[in-house]
Amino acid sequence: MNAYNRILDKQNTQLYKKVGRKYIPETDIWALDGLREGWWLVKVAPGSTSIRQAVYPHKAEIQAAAKDKEDQLVNIIGKASEARPSQNPLTSEALADWQAFIAKHGKEFSSLQYPSIQENAQKIIEALLK
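What you see is a predicted model, and the numbers here were worked out from it, not measured in a lab. (Residues numbered from 1 in each chain as written. Predicted model: local features only at pLDDT ≥ 70, side-chain atom pairs only at ≥ 80, totals over all residues. Heavy atoms only, no water.)

What to know about the nonpolar core
The following threshold applies: Buried Ala, Val, Leu, Ile, Met, Phe, Trp, Tyr and Cys residues that are joined via side-chain atoms within 4.5 Å together make up what is termed a nonpolar core. Only protein chains enter the area calculation, which uses a 1.4 Å probe; residues under 20% of their type maximum are buried, those over 50% are exposed, and those in between are partly exposed. Strands are runs of DSSP state E lasting at least 2 residues, helices are runs of H or I lasting at least 4, and numbering of each runs from the N terminus.
Counting residues in each nonpolar core, the largest one holds 7 residues, listed as Ala66, Leu73, Val74, Ile77, Ala121, Ile125 and Leu129. When residues in this core are grouped by element, the largest group, 4 residues, is from helix 2 (residues 60–80).

Here we look at the packing of aromatic side chains
Selection criterion: Stacked, edge-to-face and tilted labels apply to pairs of Phe, Tyr and Trp rings (six-membered ring for Trp) whose centres lie within 6.5 Å, assigned for plane angles under 30 degrees, over 60, and everything in between, in that order.
Here the structure, examined in full by the defined rule, presents 1 aromatic pair. Plain terms: the ring middles of Trp98 and Phe101 are 5.9 Å apart, the flat faces sit at 25 degrees to each other, and that makes the pair stacked. Here the residue Trp98 and the residue Phe101 both occupy positions in helix 3 (residues 92–105), the gap between them amounting to 3 residues, near one helical turn.

Details of the pairing of strand 1 (residues 16–19)
Heads up, the rule is: Think of it this way: DSSP has to see at least two bridges between two strands before they count as a pair.
In the sheet, strand 1 pairs with strand 2 (residues 22–25) via 4 bridges, with the strands oriented antiparallel. Looking at strand 2, one finds that Tyr16 is bridged to Pro25. Once strand 1 ends, the chain turns through 2 residues before running back antiparallel as strand 2, passing Gly20 with a positive phi of about 70 degrees.

Scope: geometric values only; no functional claims are made or implied.
What follows is the structure in structure tokens.
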């Protein structure tokens, strides 16, 4: 079978639905042609489609559940790591130590950085899947 016949074969399997006086294609006959070889996890929700490659068949259920709960994890981690007032203000000795540390190592250490909530959720999911 040559390429032309494969195209005709796909076009013959196209499904249409009638909307008013027009027939509109109901399926995308080319949707799976762009996917590389391997296992894929696809989630279709109203307004979005999520596709993940490199799914291991023996962990597909866990990966699907983890991906589904990723947004909930972001909310849980965000709430747990909200900024709140410090219970213990710095003593004058601790403040002097901190300022000495900044003076020794430079201004780039004057503020601390934390990983994003999304990054934390993804690391938790990766740990679950190992």
